[in-house]
Amino acid sequence: MRVYADNAATTYMTKSVMDAFVDALQNFNGNPNSLHTDGQVTQEKLDECRARVAKAINAQYPDEIIFTSGGSEADNQALLSAARGLKKKGKKHLISLNIEHHAILHTLKKLEKEGFEVTLLAPEANGIVSVDKVRDAMRDDTALVSIMFANNEMGAIQPIPEIGALCRERGILFHTDAVQAVAHVPIDVQAMKIDMLSSSAHKFHGPKGVGFLYARRGIRLVNVIEGGAQEKGKRAGTVNVPGIVGMTVALEEGVANLDENMKKTIALRDRLIAGLSDIPHAKLNGDPIKRLPGNVNYSFEGVEGESLLLKLDLNGICCSSGSACTSESLDPSHVLMGMGVPVEAAHGSLRFSLNEENTEEQVDYIIEKVHEIVNYYRSISPFWEELEKGEREHVI
Ligand SMILES: *Cc1c(COP(=O)(O)O)cnc(C)c1O
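## Considering the sheet that holds strand S4 (residues 117–121)
Phase 1: Taken in spatial order, the seven strands make up an open sheet running S2-S8-S7-S6-S5-S3-S4, and their pairing is mixed. Each edge of the open sheet carries a strand with a single partner, namely strand S2 (65–68) and S4. Between one strand axis and the next, the sheet turns by 20° as a mean value, whatever way the strands run.
Phase 2: By the bridge criterion, five bridges tie strand S7 (residues 196–200) to strand S8 (residues 211–215) in an arrangement that is antiparallel. The partner of Ser 199 across the bridge, within S8, is Phe 212.
Phase 3: Across the sheet, helix H6 (residues 160–170) touches strand S5 (142–146) and strand S6 (173–177), and the angle it forms with S6 is around 160°.

Structure (structure tokens):
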């Protein structure tokens, strides 16, 4: 059996997204900046997509949407814009989380070198930051709070409306990296008082290499890519028209089917969590309820996540150990470490990210194989033997 359970790393395009993508390659090929008919037909299509994307997240105006090359670029642009814009007003303090994606963490490092002060908050043991902690970290010179909507590794969903309301009340800009959340959980940027939001198409059945930044009207964006005057001068470069068309269809589909997809995916997720729960010295990471519909992140003591992953792959199951961006290094995941998971448990972690295309049969197959493989590796591990003999302390 083949099981794709790595949808947090990337998803497959659906048939309708692929059709829209290919159609755009053929029928919207003019450069939207050209004055001739072919260019103008494409420009109109882009305007239409911008309005449809804005509507899907309940943005007030289409021009609050800037198309980007994906989530990383949107994250970079949001942070750099907030920091540069507010420095002029004497604000130089930024608040974020230690479990953010590297697109956020590395940009914050860069800003720190430019003289900004960064407070990185740690979440509670369930992966969720307390709103009080965010409030306590706020200072008179705080320029921006950037807190991810949902974590890509262990799926915990942050209290976004509460943090949004708090920031609005204090006059502090609020950005959220919603790459894992858009089209997976309900999002309303106005009701949630979000000033800026990053999104990426390939995490919701759209094409790779395209995404968008929502920035509320009145927020001054700085360019990450300098050049021509595309995207109202805020993002140079001829836009990725087929990518944007595909993304728009994927986003609308995701939002239209949100309730149904969530219900189906949550049932599969909880079936998998229940099926793994009888493995001794193993533990679910992240809040069991306030988590992404498809995310199952589990630590198994006494085994290496990478070994499990490779053996699962030999059995046709695609999953992930830690995030794809860190899986090439053997350092334990900064996310699990950042929420206080012991290093031994962080090393033995696996992430399954399901979606509505998965089936109960696939989930049962994952459960069977994980039991088999964890037992196998433990049976040949001298480390596990020491744990069992009581020569070492169990951490889970
Ligand atoms: C995937 C991801 C990103 C990066 O998006 P790209 O489009 O791949 O650049 C950023 N943040 C989170 C939370 C992600 O999951």
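From this point on, the discussion continues.
## Digging into the site of the ligand
Phase 1: Close contacts around the ligand come from 13 residues, with Ser 72, Asp 177, Gln 180, Ser 200 and Lys 203 the closest.
Phase 2: The separation between an oxygen atom of the ligand and a polar side-chain atom of His 202 is 3.0 Å.
Phase 3: Considered on its own, the ligand offers 380 Å² of accessible surface; in the complex 86% of this is hidden by protein.
Phase 4: Ranked by residues supplied to the shell around the ligand, first place goes to helix H3 (residues 71–87) with three residues.

## What about the domain arrangement of the chain?
Phase 1: Looking at the chain, the domain boundaries give domain 1 (15–256) and domain 2 (258–389).
Phase 2: The partner domain 2 presents 25 residues to the 31 residues of domain 1 that form the contact.
Phase 3: Between domain 1 and domain 2, roughly 2100 Å² of surface is buried when both sides are summed, and carbon and sulfur atoms account for 58% of that area.
Phase 4: Contact with domain 2 buries area across many residues of domain 1, yet Glu 153, Met 154 and His 205 alone supply 31% of it, more than any other trio.
Phase 5: Where domain 1 meets domain 2, there are zero salt bridges.
Phase 6: At the boundary of domain 1 and domain 2, one finds 13 residue pairs in polar contact (both at pLDDT 80 or more).
Phase 7: For the side of domain 1 that touches domain 2, the secondary structure elements donating two or more residues are helix H4 (102–113) and helix H7 (241–256).
Phase 8: It is H7 that contributes the most residues to the side of domain 1 that touches domain 2, three residues altogether.

Criteria and cut-off values
- Residues numbered from 1 in each chain as written.
- Predicted model: local features only at pLDDT ≥ 70, side-chain atom pairs only at ≥ 80, totals over all residues.
- Heavy atoms only, no water.
- Pairing = 2+ DSSP bridges.
- Helix = DSSP H or I, 4+ residues; strand = E, 2+ residues; numbered from the N terminus.
- Axes fitted to C-alpha atoms, helices over the stretch in contact; angles between N-to-C directions.
- Contact = heavy atoms within 4.5 Å.
- Near = heavy atom within 4 Å.
- Polar contact = N/O pair within 3.5 Å; in protein donor to acceptor, adjacent residues only side chain to side chain.
- Areas by Shrake-Rupley, 256 points an atom, 1.4 Å probe, with all protein chains shown as cover.
- Domains from an automatic or database assignment.
- Buried area = accessible area lost by both parts, 1.4 Å probe.
- Salt bridge = Lys/Arg side-chain N within 4 Å of Asp/Glu carboxyl O.

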